[in-house]
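Below, each chain spelled out in residue letters.
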Amino acid sequence: MTSVPHPVRTDSRPITLIDAEEDGYNGATERSPLVGACAGDARDTRDAGDDISNNDGNGKRKESWVGYEEFAGLPWWKRPSVYWLIGPYALFTLAFGGIIVPKLNLIVDLVCHSYFSDRQVLDPNFTFAPVIMGADNPQCNIPEVQKSVATFTLVLSALAGALSAITAPKIGSLSDRYGRKRLMVIASCGGLANEVITILAAKYPEVVDYHWLILGAFFDGMMGSFTAGSVLGHSYVSDCAPPSKRGVHIGYLHACLFSGLAFGPLLAGYFVKWTGALISIFYVVLGCHAFVILYFWFVLPESMSKRRQLAARQKHQTEREATVVQIRSAVPDSVKGVVGPRLTSVLDDNMGTWLPAVLSANPLAPLKILIPSGRSNAPLRRNLVLIALIDATIMGSAFGAGTVIVLYSEYMFDWGTLEASRFVSIVSMMRVAILLCILPIINYIFRTRPLRHQRRESGDENVVETNSGADKLDVWLIRVALISDLVGTAGYIFVRREELFILSGMATAFGGLASATTQSALSKHVPQERVGSLLGAIGLLHALGRVVAPALFNGVYASTVESYPQGIFVLLTGLFGLIVLGSFFVRPHVHMKEEGLIAVPVRISGDTENPDTIPDEEVLGETLPRI
């Protein structure tokens, strides 16, 4: 193709975007070279899902998964693997789980201290017993303090959840273009700043008012909070795990999470009792955050190769430019006449700068990846939306219903702290056992062995795994796990004996398979350079669930506990019934096809030039996305 301009002028001609599929355009796709790359470089810029030959030009044996080739030849300490992540992730979840109860107790003491101090200022004759941080303070068990604590903790949770809903998707998208580990460091810094402020408030309550904890929640939410850490962890695993093992490896991270929630409070309680100071556990958590940050920065190998980062950056830039072209061509002349030629010229010249920023300011913009354009992507849209709703329902019920289930068990069976803690530990450890033992066995029987058999039958040990969407095993694991959750939740409605209640909880533990499998299945639907953006959109739904679900489920339980305390489980059963039904509409082997739109000039009335001939420099090297 030459670069000599043809006679036609296209600088003022509007652009129309047409469907490449309808036009029969055989343009660039996800398997084509990047913009500006010559044909000979196509091999270097192919998508991770492309097929490769069994041997390269030198007769060297190829890897069993294309992703391994990104790091072939590197020493072991520079090759990414889920095992690099398990240790710090387990430490992070232990700190996350262990700090829940101590921080709540600290807030109670701080609010109580502030309440009585304010009363003494108003009434100099008022006296009260000193509030000792971390000690037994019976004077704080009054309705006024409890109400203030409930309101304040709701503010902290809502602020961190709302901010993480905005920032977590952006962090996930940035990690596609600039690597995972540096974004992991940034996400961890929010927790570090939060703990520093908490320690200052606990150590100097007379100087640092407890309202400064809101600033800590602000820093935590701005850096993505736990949601961003989860998104980046799952993205990291997706980068370095082949499709056949991805669900198992993500299951390892979920096992760490449930282990942290099961053992974190127990270990934290013993540590506080051993040291005799509540503030001591916050120093430990601060040290855990610092260690994780240093580990991520200096030890953890990067999972996104430079080639993939550059490919994601160029694709992102092309999409931004395409968005500007499409919107610019869609602005009618009447609007330009209203704002005036000078303002029109200024806005038009700088549209490439301010317009993408305005569009990205929409907090729900990350969700657009769940509805990719093109008629050929209709099955993909259905799969992504259904799996996202399934995953959001699972996480929302975990965030919102966990506390209610404990309250219900204490109300129905007169359980104390020991019995309720034992129930939570049994269910959590059941989930850990399923993720660490049962899921790997299922994966070996239905994935690893058939793949080995296929290699033996074909006589080719280099059968290459590719991303081709969720397979049948993924789909059926989700369905079976959801049905188990449905059965266990329905059991909560009818059982009235402690033993059967615990069995119902163990049945819901099998639902842990669904949470790990949905994350794995989602990552198989899109090219590798879009995994962070996709999981970031899922993180947005998780963050919204973190805010909405507790209010919903606690509100329902509070309004029905006197008349029908099982009402919350009727709601949960209905929700799980809907997503079980939706799971049967998910189809296997569906993958993104980036055909999109192409730009062509439009003939203007009175223009006699041929609109079908334009300079080759103005032809976009990639298809334009549909907005």
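Residues numbered from 1 in each chain as written. Predicted model: local features only at pLDDT ≥ 70, side-chain atom pairs only at ≥ 80, totals over all residues. Heavy atoms only, no water.

(A) Spotlight on the overall build of the chain. When helices and strands are tallied, the chain shows 21 helices and two strands. Burial statistics for the chain: of 627 residues in total, 49% are counted as buried. Taking as baseline every contact in the chain between residues at least 6 positions apart, the subset at least 24 positions apart corresponds to 81%. Within the structure as shown, the chain displays about 30,000 Å² of accessible surface, and the carbon and sulfur contribution to it stands at 63%. (Helix = DSSP H or I, 4+ residues; strand = E, 2+ residues; numbered from the N terminus. Buried < 20%, exposed > 50% of the residue type's maximum accessible area, 1.4 Å probe, protein only. Contact = heavy atoms within 4.5 Å. Areas by Shrake-Rupley, 256 points an atom, 1.4 Å probe, with all protein chains shown as cover.)

(B) Up close: a positive patch on the surface. Among the surface-exposed residues, Lys-245, Arg-449, Arg-452 and Arg-456 lie close enough to one another that they form a single positively charged patch. Among the elements that take part in the positive patch, helix α16 (residues 417–458) stands out by supplying three residues, more than any other. By the secondary structure assignment, Arg-452 is in helix α16. Residue classification places Arg-452 among the partly exposed positions, given a relative accessible area of 44%. (Patch = residues over 30% accessible without salt bridge, like charges linked within 9 Å, V, L, I, M, F, W, Y side chains within 5 Å. Salt bridge = Lys/Arg side-chain N within 4 Å of Asp/Glu carboxyl O. Lys, Arg positive; Asp, Glu negative; His and termini not counted. Charge placed at Lys NZ, Arg CZ, Asp CG, Glu CD.)

(C) Structural detail: the nonpolar core. By size, the foremost hydrophobic cluster in this structure holds 69 residues, and its most contacted members are Leu-85, Phe-296, Leu-300, Leu-482, Phe-501 and Phe-569. With eight residues, the top contributor of residues to this core is helix α9 (residues 243–275). Among the nonpolar cores identified, the runner-up in size contains 31 residues, and Leu-106, Ile-107, Val-111 and Ile-197 belong to it. (Core = buried A, V, L, I, M, F, W, Y, C linked by side-chain atoms within 4.5 Å.)

(D) Expanded view of the state of the cysteines. One pass over the full model with this rule turns up one disulfide. Here Cys-112 is linked by a disulfide to Cys-140, with a sulfur-sulfur distance of 2.1 Å. Given an S-S torsion of about -90°, the disulfide between Cys-112 and Cys-140 has left-handed geometry. With a gap of 28 residues between them, Cys-112 in helix α4 (residues 100–122) and Cys-140 in the loop between α4 and α5 (143–178) connect regions that are remote in the sequence. On the accessibility criterion, Cys-112 (0% relative accessible area) is buried. Assessed through its relative accessible area of 1%, Cys-140 is described here as buried. (Disulfide = S-S within 2.5 Å.)

(E) Looking closely at helix α17 (residues 472–494). Between its first and last C-alpha atoms α17 spans 34 Å; for 23 residues at 1.5 Å apiece the expected length is 33 Å, and the two agree. A side-chain oxygen of the first residue of α17 lies 3.3 Å from the backbone nitrogen of Leu-473; this N-cap is Asp-471. (Expected span 1.5 Å × (residues − 1). Polar contact = N/O pair within 3.5 Å; in protein donor to acceptor, adjacent residues only side chain to side chain.)

(F) How the structure looks around the side chain of Ser-175. Along the polypeptide, Ser-175 turns up in helix α5. Engagement of the side chain of Ser-175 in a polar contact is seen with the backbone oxygen of Gly-172, the distance being 2.6 Å. The contact partners of Ser-175, leaving out residues within four places of it in the chain, are Arg-180, Leu-183, Leu-232, Met-304 and Gly-532.

(G) Quick peek at the pattern of salt bridges. Enumeration over the complete set of coordinates arrives at nine salt bridges. Where Glu-70 meets Arg-308, a salt bridge forms, and the shortest distance between an N and an O atom there is 3.7 Å. Here Arg-308 lies in helix α11 (residues 306–330) and Glu-70 lies in the loop between α2 (66–69) and α3 (82–98), a separation of 238 residues in the sequence. Taking relative accessible area as the criterion, Arg-308 reaches 3% and is therefore assigned buried. Its salt-bridge partner being Asp-471, residue Arg-447 comes within 2.7 Å of it at the nearest N-O pair. In this pair, Arg-447 sits in helix α16 while Asp-471 sits in the loop between α16 and α17, placing the two residues 24 residues apart along the sequence. According to the relative accessible area criterion, Asp-471 is buried, its value standing at 19%. Each of Arg-447, Asp-471, Asp-474 and Lys-524 takes part in a single network of salt bridges with overlapping partners.

(H) Quick peek at the packing of helix α6 (residues 180–203) against helix α10 (residues 279–298). The interhelical angle for the contact between α6 and α10, taken along N-to-C directions, is 160°, at an axis separation of 9 Å. As judged from the angle between their axes, α6 and α10 are roughly antiparallel. The two elements α6 and α10 cross, and the hand of that crossing is left-handed. Considering only residue class, the contact of α6 with α10 consists of 17 nonpolar, four polar and four charged. (Axes fitted to C-alpha atoms, helices over the stretch in contact; angles between N-to-C directions. Parallel < 35°, antiparallel > 145°, perpendicular 65-115°, else oblique. Left-handed = near helix turned anticlockwise from the far one by under 90°. Nonpolar A, V, L, I, M, F, W, Y, C, P; charged D, E, K, R; others polar.)

(I) Representation of a nonpolar patch on the surface in the model. Residues Trp-476, Val-480, Ile-483, Val-487, Leu-581, Phe-584 and Phe-585 make up a contiguous nonpolar surface patch of roughly 680 Å² in combined accessible area. Residue contributions to the nonpolar patch peak at four residues, all from α17. You can see Phe-585 is positioned in the loop between α21 (567–583) and β2 (597–601).

(J) Focus on the environment of Asn-377. Tracing the chain through its elements places Asn-377 in the loop between α14 (351–360) and α15 (378–413). Here the alpha-carbon distance between Asn-377 and Lys-593, two residues 216 residues apart in the chain, equals 6.3 Å. For Asn-377, the residues in contact, after removing those within four places along its chain, are Pro-372, His-591, Met-592 and Lys-593.

(K) Broad picture of the side chain of Ser-259. Along the polypeptide, Ser-259 turns up in helix α9. Among the polar contacts made by the side chain of Ser-259, one reaches the main-chain carbonyl oxygen of Ala-255 at a distance of 2.8 Å. Not counting chain neighbours up to four residues away, the residues in contact with Ser-259 comprise Leu-94, Gly-264 and Val-432.

(L) Molecular detail of the packing of aromatic side chains. In this structure the tally under the stated criterion is 21 aromatic pairs. Geometrically, the ring pair formed by Phe-92 and Phe-226 is stacked, given 5.9 Å between the ring centres and 0° between the ring planes. Of the two residues, Phe-92 is situated in helix α3 and Phe-226 in helix α8 (residues 225–240); the sequence distance between them amounts to 134 residues. Like Phe-226, Phe-92 is buried. One aromatic cluster is present, formed by Tyr-408, Phe-413, Trp-415, Phe-423, Tyr-492, Phe-501 and Phe-569 through successive ring pairs. Over the face of the ring belonging to Trp-476 we find Arg-479, whose NZ or CZ atom lies 4.7 Å from the ring centre. (Phe/Tyr/Trp six-rings, centres within 6.5 Å; stacked < 30°, edge-to-face > 60°. Lys NZ or Arg CZ within 6 Å of the ring centre and 35° of its normal.)

(M) Region of interest: the confidence of the model for the chain. The share of residues in the chain with pLDDT of 70 or more is 77%, and the mean pLDDT across the chain is 79. Every residue in residues 1–62 scores below 50 in pLDDT, and together they form 124 contacts with partners more than four places removed in sequence or on other chains. Under a pLDDT of 50 for its full length, residues 596–627 has, in the predicted model, 83 contacts with residues more than four places off or in other chains. (pLDDT = per-residue confidence, 0-100.)

(N) How the structure looks around the environment of Ala-160. For Ala-160, the location among the structural elements is in helix α5. Judged by relative accessible area, which is 3%, Ala-160 ranks as buried. The spacing of Ala-160 and Thr-227 is 67 residues in sequence and 10.0 Å in space, taken between C-alpha atoms.

(O) Structural context of unusual backbone geometry. Even without being a glycine, Ser-225 presents a positive backbone phi close to 55°. Assignment of secondary structure puts Ser-225 in helix α8. The phi angle at His-589 is positive, at roughly 60°, despite the residue not being glycine. With respect to the element layout, His-589 can be found in the loop between α21 and β2. Residue classification places His-589 among the partly exposed positions, given a relative accessible area of 48%.

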